[in-house]
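Residue-level structural notes
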There are 2 protein chains.
Amino acid sequence: MAITNKIITISREYGSGGRGIGKRVAKQLNIKCYDEEIISEVARCSGLSAQYIREHSEDKHGGIFNVNHGFGANSLTDDIWLVQREIIIDIAKRESCVIVGRCADYILQSCENMISVFIHAPLEDRIRRISEEYKVPDKDPKKLLLEKDKRRRAYYKNYTDLQWGDASNYTMCLNSCTLGMDRCVQLIVDAYNLI
Amino acid sequence: MAITNKIITISREYGSGGRGIGKRVAKQLNIKCYDEEIISEVARCSGLSAQYIREHSEDKHGGIFNVNHGFGANSLTDDIWLVQREIIIDIAKRESCVIVGRCADYILQSCENMISVFIHAPLEDRIRRISEEYKVPDKDPKKLLLEKDKRRRAYYKNYTDLQWGDASNYTMCLNSCTLGMDRCVQLIVDAYNLI
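What comes next is a walk through the structure. (Residues numbered from 1 in each chain as written. Chains lettered and ligands numbered in written order. Predicted model: local features only at pLDDT ≥ 70, side-chain atom pairs only at ≥ 80, totals over all residues. Heavy atoms only, no water.)

**Brief notes about the pattern of salt bridges**
All names here are of chain A. This is how it is decided: We define a salt bridge as a contact between a side-chain nitrogen of Lys or Arg and a carboxyl oxygen of Asp or Glu at a distance within 4 Å. A run of DSSP states H or I qualifies as a helix once it reaches four residues; a run of E qualifies as a strand once it reaches two. Both are numbered from the N-terminal end. We call a residue buried when its accessible area falls under 20% of the maximum for its residue type, exposed when it is over 50%, and partly exposed in between, using a 1.4 Å probe and counting protein chains only.
Using the criterion set out here, one finds 26 salt bridges over all chains in the structure. For Asp125, the salt bridge is made with Arg129, and the minimal N-O distance between the two is 3.3 Å. Pair noted here: Asp125 and Arg129 are both in helix H6 (residues 123-132), with a separation of 4 residues, about one helical turn. We note that Asp125, like Arg129, is buried. One continuous salt-bridge network, built from bridges that share partners, spans Asp125, Arg128, Arg129 and Glu132.

Right, dumping it as structure tokens:
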């Protein structure tokens, strides 16, 4: 079945404010934003705990997943990916919405009315945001940030064979520092209304 | 002197329609679009012919420049780069405008009110555009297109040490195929009006 709902996917560098932008876009458009809800749904379908799923997702800091050696050795991580993929497709079939992270841009690439967005910002701006806004209690926010980026990049590469943050993979890439959060929200809303 | 004019730079994959988008954005905003004019200006300042400058720019198809071995061996190419750089800075100091190509995004990165845009599109769409719209008389448009991309990528890498088309280098990256030309123009105009 072709997916004709209007879908916005948000990929984001850690600390770029991408998740917040996704939520605000959804609120403004009066559609749902799927983020943590996907983890709950994977937990429900797979019987695994939400905590375990988080530990095998794109965002876990540290954990048993070794970025350098790929996901291949851990078939459960692949199983989680497959369940997650089905859930994302089901959501997109059901309703117009915003989906944050989880390679949704790749999974839904054949959707007719999909806008895939990548939100990024310079390192210094992201360090400031995770310290001041996210209140991440970390002694070395720069290190944490680079590790998160590395993990997301490896996760994306592993499951899509594409380069995370390469402009050609996305409909729009926006620098949330130069443009500011309000402008990013507005530009994505404008793009949504144009498709 | 800090540059406070509002500048839009357009980098673009060959065949993505980026140049046309830049011209339309400028027209809509009632500002100038600098593209070929920069070559004429470099010619005037350097005493070199416009043709020679084109042959040593980002866009020459074939020519004496060897992509694989960098620009280092040809000091005249570097001289052209330096003259071109000064001209781009002078234009930005003088007026709000659109500047197409020529690493202007990198040269003007410290401008307070600069939006750097990267326009891209899938290969098939670009092949169609260069054949149908640009009317490029080439037996193998795909080969021509990949060579042009390769040259622009090498030129950008050589003079900026950055990756051409990496989202983090630009304020906005837009897929002109998914969004369409009209929407790209509108989104850039919107972003300009927001800064």
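**Observations concerning the relation of the copies chain A and chain B**
Under the convention used in this document: Superposition of the copies used a least-squares fit over C-alpha atoms from residues whose pLDDT is at least 70 in both. It only takes one pair of heavy atoms within 4.5 Å for two residues to be counted as in contact.
Between chain A and chain B, the superposition needs a rotation of 180° and an axial shift of 0.0 Å, giving an RMSD of 0.0 Å. Expressed as an axis order, the relation between the two copies is that of a two-fold axis. Of all interface residues in chain A, 100% are interface residues in chain B too; the two copies therefore contact each other through one and the same surface.

**Observations concerning the interface of chain A and chain B**
For an interface, size is often stated in terms of accessible area lost upon the parts coming together. Short version of the rule: Buried area adds together the accessible area that both of two parts lose upon being put together, with accessible area traced by a 1.4 Å probe. We define a polar contact as two N or O atoms separated by no more than 3.5 Å, with the added condition that, inside protein, one atom must be a possible hydrogen donor and the other a possible acceptor, whereas residues neighbouring each other in sequence contribute only through side-chain atom pairs. Asp, Glu, Lys and Arg are counted as charged, while Ala, Val, Leu, Ile, Met, Phe, Trp, Tyr, Cys and Pro are counted as nonpolar; the rest, among them Gly, fall into the polar class. For two strands to be treated as a pair, DSSP must find at least two bridges joining them.
Contact with chain A, which involves 22 residues of that partner, is made by 22 residues of chain B. Between chain A and chain B, the buried area comes to about 1700 Å², and carbon and sulfur atoms account for 67% of it. Our count for the contact surface shared by chain A and chain B stands at 0 salt bridges. Applying the counting rule to chain A against chain B returns 11 residue pairs in polar contact (both at pLDDT 80 or more). If you list the elements that add at least two residues to the side of chain A that touches chain B, you get strand S4 (114-120), strand S5 (172-175), helix H8 (176-179) and helix H9 (181-194) of chain A. Broken down by element, the side of chain A that touches chain B gets its largest block of residues, 5 residues, from H9(A). Of the residues assigned to the side of chain A that touches chain B, the class counts are 12 nonpolar, 6 polar and 4 charged. As paired strands, S5(A) and strand S5 (residues 172-175) of chain B are joined by 3 bridges and run antiparallel to one another. The residue bridging Leu174(A) from the neighbouring strand is Met172(B), located in S5(B).

**Observations regarding the nonpolar core**
This is how it is decided: Put simply, a nonpolar core is a bunch of buried Ala, Val, Leu, Ile, Met, Phe, Trp, Tyr and Cys residues held in one set by side-chain atoms that sit within 4.5 Å of each other.
Of all hydrophobic cores here, the largest spans 62 residues; its most connected members are Ile38(A), Ile99(A), Leu108(A), Ile38(B), Ile99(B) and Leu108(B). Residues within four places of Leu108(A) in sequence aside, it is in contact with Ile3(A), Ile7(A), Thr9(A), Ile88(A), Ile89(A), Ala92(A), Ile99(A) and Met114(A). Formed by 46 residues, the second largest nonpolar core is a distinct cluster that contains Ile8(A), Cys184(A), Val185(A) and Ile8(B).

**So, the packing of H9(A) against helix H9 (residues 181-194) of chain B**
The condition that has to hold: Orientation is described by lines fitted to C-alpha atoms, with helices fitted over the stretch in contact, and by angles between N-to-C directions that extend from 0 to 180 degrees. Working definition: roughly parallel below 35 degrees, roughly antiparallel above 145 degrees, roughly perpendicular at 65 to 115 degrees, and oblique for all remaining angles. Definitions for this section: a left-handed crossing has its near helix turned counterclockwise from the far helix by less than a right angle. A right-handed crossing has that turn clockwise.
Contact geometry for H9(A) and H9(B): axes closest at 10 Å, N-to-C directions at 155°. Our classification of the angle between H9(A) and H9(B) gives roughly antiparallel. Of the two possible hands of crossing, H9(A) and H9(B) adopt the one that is right-handed. Contacts between H9(A) and H9(B) pair Arg183(A), Leu187(A), Asp190(A), Ala191(A) and Leu194(A) from the former with Arg183(B), Leu187(B), Asp190(B), Ala191(B) and Leu194(B) from the latter. For the contact of H9(A) with H9(B), the per-class residue count stands at 6 nonpolar, no polar and 4 charged.

**Comments concerning unusual backbone geometry**
Residues and elements named next belong to chain A. Positioned with a positive phi, Asn30 is a non-glycine residue whose angle comes to about 60°. Within the element layout of this structure, Asn30 appears in the loop between helix H1 (18-29) and strand S2 (32-34). One non-glycine residue with positive phi stands out, namely Cys103, at about 55°. Within the secondary structure layout, Cys103 lies in the loop between strand S3 (97-100) and helix H5 (104-107).

**A closer look at the side chain of Asn175(A)**
Note that Asn175(A) resides in strand S5. By relative accessible area, Asn175(A) is classed as buried at 7%. A distance of 3.0 Å separates the side chain of Asn175(A) from the backbone nitrogen of Thr178(A), its partner in a polar contact. If sequence neighbours within four positions are ignored, Asn175(A) has contacts with His120(A), Ala121(A), Pro122(A), Gly180(A), Cys184(A), Tyr170(B) and Thr171(B).

**Quick word on the pairing of S4(A)**
All names here are of chain A. Within S4, 7 of the 7 residues are buried, which leaves it mostly tucked inside the rest of the structure. Burial of S4 is two-sided: the residues Met114, Ser116, Phe118 and His120 facing one way and the residues Ile115, Val117 and Ile119 facing the other way are all buried. By the bridge criterion, 6 bridges tie strand S1 (residues 7-12) to S4 in an arrangement that is parallel. Paired with Thr9 across the two strands is Ser116, which belongs to S4.

**Some words on the pairing of strand S4 (residues 114-120) of chain B**
Of the pairings in the sheet, the one linking S4(B) to S5(B) comprises 4 bridges and is parallel in character. The partner of Ile119(B) across the bridge, within S5(B), is Leu174(B).

**Some words on the sheet that holds S5(A)**
Strands sit in the order S2(A)-S3(A)-S1(A)-S4(A)-S5(A)-S5(B)-S4(B)-S1(B)-S3(B)-S2(B) across an open sheet of 10 strands; the sheet is mixed. The strands lining the two open edges of the sheet, one partner per strand, are S2 of chain A together with strand S2 (32-34) of chain B. Each neighbouring strand pair of the sheet contributes to a mean axis angle of 20°, computed without reference to strand direction. Taken together, the 3 bridges between S2(B) and strand S3 (residues 97-100) of chain B define a ladder with parallel strand orientation. Among the inter-strand pairings, Tyr34(B) is bridged to a residue of S3(B), identified as Ile99(B).

**Observations concerning H6(A)**
Put simply, the test is: Read the arc as the range of directions from the helix axis to the C-beta atoms.
Among the residues of H6(A), those classed as buried are Asp125(A), Arg126(A), Arg129(A) and Ile130(A). All buried residues of H6(A) project into a common sector of 125° when viewed along the axis, lining one side.

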